[in-house]
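# Architecture at a glance
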Amino acid sequence: NVLLVIVDTLRADTLPPHRGAGQPFATDADTPFMNEWLAGSFRFKHAYSQASRTRRSLPPTFRGLEANEDTERMGVALGTQASALGLVPAAVVPQYFLLPESESAQHLLIGFDRAAFYEKDHQEVMASRVHDMFEGLKGQRFFAWVHFYNMHDPYFADRLTSGADGSVAQRYQKALRWLDG
């Protein structure tokens, strides 16, 4: 089985080993689960994005293309490739991937026979959608894509945050704690 976890707009410097003393967005105490999980995970020393926006960076990543290449006409969709390899492709992603203005991002869902969505305002349902996805995959070989969106401005920590919840750094830190939970 393969589990691909993507956290939209997660800062590398908020996680070990890149998190430094005095980091305004995170402390070791904010991410106990991720600290332990990352200690036993394979991580790439350097990771690069083709672009700074999700709709420009993820499609080429999922198809092995350059950022300027057409994701509709070139490459093989990740879900299609997973299926060809005998894996059941499943995804839990934000509704962002269904929006008309995110057409290139919609192409990421090609080949994913099982997909569940959640709204930006109600990310608390994500955990139950992921749980249900894994329950439905029991006994099957799978490729699962789980996409967290809570670190994206305006940040989600039990609810969407606002300026009344503190500075940008404080709201980001609250969202990071929620993500770790």
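Right above here is the structure, for reference.
Residues numbered from 1 in each chain as written. Predicted model: local features only at pLDDT ≥ 70, side-chain atom pairs only at ≥ 80, totals over all residues. Heavy atoms only, no water.

## Notes on helix 5 (residues 126–136)
Residues Met126, Val130 and Met133 constitute the buried set of helix 5. Taken down its axis, helix 5 places every buried residue within 60 degrees of arc, on the same side. Facing away from the buried side of helix 5 by over 90 degrees, the exposed positions are Ala127 and Asp132. Where helix 5 is buried, its residues meet strand 2 (88–94), strand 3 (114–118) and strand 4 (142–148). (Buried < 20%, exposed > 50% of the residue type's maximum accessible area, 1.4 Å probe, protein only. Helix = DSSP H or I, 4+ residues; strand = E, 2+ residues; numbered from the N terminus. Arc of directions from axis to C-beta. Contact = heavy atoms within 4.5 Å.)

## A few points about the pattern of salt bridges
Taken as a whole and judged by the stated rule, the model has five salt bridges. Residue Glu135 is joined to Lys138 by a salt bridge in which the shortest nitrogen-to-oxygen separation is 3.3 Å. (Salt bridge = Lys/Arg side-chain N within 4 Å of Asp/Glu carboxyl O.)

## Looking at unusual backbone geometry
In this chain, Asp153 is followed by Pro154 through a cis amide linkage whose omega measures 25 degrees. Here Pro154 lies in the loop between strand 4 and helix 6 (168–180). A positive phi angle is found at Tyr155, which is not glycine, with a value near 75 degrees. Among the secondary structure elements, Tyr155 is positioned in the loop between strand 4 and helix 6.

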